[in-house]
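Chain by chain, the residues:
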Amino acid sequence: MSDPQVSLRPVAMGDLAMFRRFCLEPGLIGLDWAGFRDPEAPARRFALDSYLGEHDGRLIVEAFDAKTAGFVSYRSGTYGGRAPYWEIGIALLPEWRGKGIGWRAQAQLCDYLFTHTPAQRVQAGTHPENLAEQSSLVKAGFQLEGTVRACEFRAGAWHDGYLYSRLRADPAPSI
(Lines give C-alpha, C1' and ligand atoms only; values in the text may rest on other atoms or scores of the structure.)
Protein backbone atom coordinates (compact mmCIF):
# COMPACT_ATOMS: atom_id res chain seq x y z
CA MET A 1 0.00 0.00 0.00
CA SER A 2 2.41 2.65 -1.13
CA ASP A 3 3.86 4.73 -3.88
CA PRO A 4 7.50 5.81 -4.05
CA GLN A 5 6.86 8.70 -1.66
CA VAL A 6 3.89 7.80 0.57
CA SER A 7 2.78 4.67 2.42
CA LEU A 8 0.34 3.68 5.15
CA ARG A 9 1.07 1.41 8.09
CA PRO A 10 -0.57 0.40 11.39
CA VAL A 11 -0.09 2.60 14.45
CA ALA A 12 2.88 1.70 16.67
CA MET A 13 3.53 2.60 20.30
CA GLY A 14 5.99 5.31 19.25
CA ASP A 15 3.22 7.14 17.34
CA LEU A 16 1.29 7.93 20.52
CA ALA A 17 3.41 11.02 21.20
CA MET A 18 2.16 12.53 17.94
CA PHE A 19 -1.46 11.72 18.86
CA ARG A 20 -0.95 13.42 22.24
CA ARG A 21 0.28 16.53 20.43
CA PHE A 22 -2.98 16.68 18.47
CA CYS A 23 -4.85 16.59 21.82
CA LEU A 24 -2.86 19.41 23.41
CA GLU A 25 -1.55 21.84 20.77
CA PRO A 26 -4.11 24.37 19.56
CA GLY A 27 -3.92 24.88 15.84
CA LEU A 28 -1.79 21.81 15.13
CA ILE A 29 -4.76 20.15 13.43
CA GLY A 30 -5.82 23.37 11.71
CA LEU A 31 -9.49 24.25 11.53
CA ASP A 32 -10.50 20.99 13.22
CA TRP A 33 -9.21 22.06 16.65
CA ALA A 34 -12.08 21.40 19.04
CA GLY A 35 -10.38 22.29 22.29
CA PHE A 36 -8.11 20.35 24.62
CA ARG A 37 -8.67 16.61 24.81
CA ASP A 38 -7.51 13.90 27.19
CA PRO A 39 -3.83 13.28 26.28
CA GLU A 40 -3.99 9.74 27.66
CA ALA A 41 -6.92 8.73 25.43
CA PRO A 42 -4.57 7.72 22.57
CA ALA A 43 -2.73 5.25 24.83
CA ARG A 44 -6.00 3.74 26.08
CA ARG A 45 -7.27 3.31 22.50
CA PHE A 46 -3.95 1.80 21.39
CA ALA A 47 -4.12 -0.69 24.29
CA LEU A 48 -7.65 -1.63 23.25
CA ASP A 49 -7.10 -2.51 19.58
CA SER A 50 -4.02 -0.66 18.22
CA TYR A 51 -6.42 1.65 16.35
CA LEU A 52 -7.55 -1.24 14.12
CA GLY A 53 -11.17 -1.48 15.24
CA GLU A 54 -13.96 -3.14 13.33
CA HIS A 55 -15.88 0.14 12.93
CA ASP A 56 -13.12 2.75 13.03
CA GLY A 57 -9.39 3.10 12.99
CA ARG A 58 -6.26 5.01 12.08
CA LEU A 59 -3.21 4.31 9.97
CA ILE A 60 0.05 6.23 9.99
CA VAL A 61 1.07 8.18 6.89
CA GLU A 62 4.76 7.77 6.14
CA ALA A 63 6.56 9.87 3.56
CA PHE A 64 10.01 10.00 2.01
CA ASP A 65 12.02 7.23 3.65
CA ALA A 66 9.57 6.25 6.38
CA LYS A 67 9.22 9.59 8.13
CA THR A 68 5.93 9.96 10.01
CA ALA A 69 3.90 12.70 8.33
CA GLY A 70 0.57 12.26 10.13
CA PHE A 71 -2.34 9.84 10.09
CA VAL A 72 -5.50 8.91 8.22
CA SER A 73 -8.67 7.84 10.00
CA TYR A 74 -11.78 5.94 9.01
CA ARG A 75 -15.12 5.16 10.63
CA SER A 76 -18.09 3.21 9.41
CA GLY A 77 -21.64 4.35 8.91
CA THR A 78 -24.76 3.21 7.11
CA TYR A 79 -27.37 4.94 5.03
CA GLY A 80 -30.88 3.68 5.70
CA GLY A 81 -29.47 0.96 7.92
CA ARG A 82 -28.47 -1.07 4.86
CA ALA A 83 -25.83 0.72 2.81
CA PRO A 84 -22.43 0.67 4.54
CA TYR A 85 -19.92 3.43 3.92
CA TRP A 86 -16.67 4.73 5.36
CA GLU A 87 -15.97 8.32 6.33
CA ILE A 88 -12.29 9.18 6.19
CA GLY A 89 -10.13 12.00 7.46
CA ILE A 90 -6.50 13.02 7.48
CA ALA A 91 -4.25 15.02 9.78
CA LEU A 92 -0.78 15.88 8.56
CA LEU A 93 1.82 17.62 10.67
CA PRO A 94 2.37 21.18 9.40
CA GLU A 95 5.81 20.50 7.94
CA TRP A 96 4.34 17.80 5.64
CA ARG A 97 1.47 19.82 4.20
CA GLY A 98 1.55 21.06 0.61
CA LYS A 99 3.88 18.31 -0.62
CA GLY A 100 1.35 16.03 -2.39
CA ILE A 101 1.28 13.57 0.50
CA GLY A 102 -2.34 14.06 1.59
CA TRP A 103 -4.11 13.13 -1.63
CA ARG A 104 -1.89 10.09 -2.10
CA ALA A 105 -2.56 8.89 1.45
CA GLN A 106 -6.32 9.40 1.04
CA ALA A 107 -6.33 7.56 -2.30
CA GLN A 108 -4.41 4.68 -0.74
CA LEU A 109 -6.83 4.56 2.20
CA CYS A 110 -9.77 4.33 -0.23
CA ASP A 111 -8.07 1.50 -2.11
CA TYR A 112 -7.41 -0.28 1.20
CA LEU A 113 -11.04 0.03 2.34
CA PHE A 114 -12.45 -1.06 -1.04
CA THR A 115 -10.10 -4.05 -1.08
CA HIS A 116 -10.78 -5.27 2.45
CA THR A 117 -14.43 -4.32 3.07
CA PRO A 118 -17.66 -4.57 1.03
CA ALA A 119 -18.48 -0.85 1.32
CA GLN A 120 -19.67 0.80 -1.88
CA ARG A 121 -18.86 4.32 -0.76
CA VAL A 122 -16.10 6.32 0.94
CA GLN A 123 -16.89 9.89 1.91
CA ALA A 124 -14.99 12.82 3.38
CA GLY A 125 -16.03 16.20 4.67
CA THR A 126 -14.07 19.40 4.65
CA HIS A 127 -14.41 23.10 5.34
CA PRO A 128 -15.42 25.49 2.54
CA GLU A 129 -12.33 27.58 3.32
CA ASN A 130 -9.95 24.58 3.12
CA LEU A 131 -9.07 24.87 -0.57
CA ALA A 132 -6.01 22.63 -0.24
CA GLU A 133 -8.09 19.72 1.14
CA GLN A 134 -10.73 20.19 -1.54
CA SER A 135 -8.03 19.90 -4.19
CA SER A 136 -6.54 16.85 -2.45
CA LEU A 137 -9.88 15.07 -2.38
CA VAL A 138 -10.43 15.66 -6.09
CA LYS A 139 -6.92 14.37 -6.87
CA ALA A 140 -7.72 11.29 -4.73
CA GLY A 141 -10.72 10.51 -6.95
CA PHE A 142 -13.50 12.11 -4.90
CA GLN A 143 -16.38 14.15 -6.28
CA LEU A 144 -18.08 17.06 -4.55
CA GLU A 145 -21.63 16.13 -3.58
CA GLY A 146 -22.66 19.39 -1.99
CA THR A 147 -22.88 21.56 1.09
CA VAL A 148 -23.90 20.17 4.45
CA ARG A 149 -25.38 23.17 6.22
CA ALA A 150 -24.47 24.03 9.82
CA CYS A 151 -22.88 20.61 10.39
CA GLU A 152 -19.98 21.61 12.61
CA PHE A 153 -19.65 23.67 15.77
CA ARG A 154 -16.22 25.28 15.80
CA ALA A 155 -14.73 28.48 17.23
CA GLY A 156 -18.01 29.40 18.91
CA ALA A 157 -20.27 29.15 15.84
CA TRP A 158 -21.96 26.68 13.52
CA HIS A 159 -20.30 26.23 10.12
CA ASP A 160 -21.21 24.61 6.82
CA GLY A 161 -19.13 21.79 5.36
CA TYR A 162 -18.57 20.23 1.97
CA LEU A 163 -19.21 16.53 1.41
CA TYR A 164 -17.14 14.56 -1.10
CA SER A 165 -17.44 10.90 -2.07
CA ARG A 166 -15.73 8.19 -4.04
CA LEU A 167 -17.66 5.11 -5.08
CA ARG A 168 -16.21 1.66 -5.62
CA ALA A 169 -16.89 1.92 -9.36
CA ASP A 170 -15.26 5.36 -9.71
CA PRO A 171 -11.87 5.32 -11.39
CA ALA A 172 -8.95 5.27 -9.01
CA PRO A 173 -6.46 8.11 -9.48
CA SER A 174 -3.00 7.47 -10.83
CA ILE A 175 -0.69 7.68 -7.86
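For the structure itself, consult the block above.
Below: a short report on this structure. (Residues numbered from 1 in each chain as written. Predicted model: local features only at pLDDT ≥ 70, side-chain atom pairs only at ≥ 80, totals over all residues. Heavy atoms only, no water.)

On to the environment of Trp33. When you line up the elements, Trp33 lands in the loop between helix H1 (16–24) and helix H2 (41–49). A sequence separation of 125 residues divides Trp33 from Trp158, and the C-alpha atoms of the two residues are 14 Å apart. With near-sequence residues (within four places) excluded, Trp33 lies in contact with Phe22, Cys23, Leu24, Glu25, Pro26 and Gly27. (Helix = DSSP H or I, 4+ residues; strand = E, 2+ residues; numbered from the N terminus. Contact = heavy atoms within 4.5 Å.)

With that out of the way, let us pick up the pairing of strand E1 (residues 6–10). Burial within E1 is extensive, with four of its five residues counted as buried. As paired elements, E1 and strand E2 (residues 56–63) share five bridges and run antiparallel to each other. Its bridge partner lying in E2, Ser7 is registered against Glu62. (Buried < 20%, exposed > 50% of the residue type's maximum accessible area, 1.4 Å probe, protein only. Pairing = 2+ DSSP bridges.)

With that settled, consider the packing of aromatic side chains. Under the counting rule described, the total for this entry stands at eight aromatic pairs. An aromatic cluster is defined as three or more aromatic residues linked by ring pairs; in this entry it consists of Phe19, Phe22, Tyr51 and Phe71. In this arrangement the basic side chain of Arg58 is found over the ring face of Phe19, its NZ or CZ atom lying 4.7 Å from the centre. (Phe/Tyr/Trp six-rings, centres within 6.5 Å; stacked < 30°, edge-to-face > 60°. Lys NZ or Arg CZ within 6 Å of the ring centre and 35° of its normal.)

As far as function goes, none of this settles anything; it's purely spatial.
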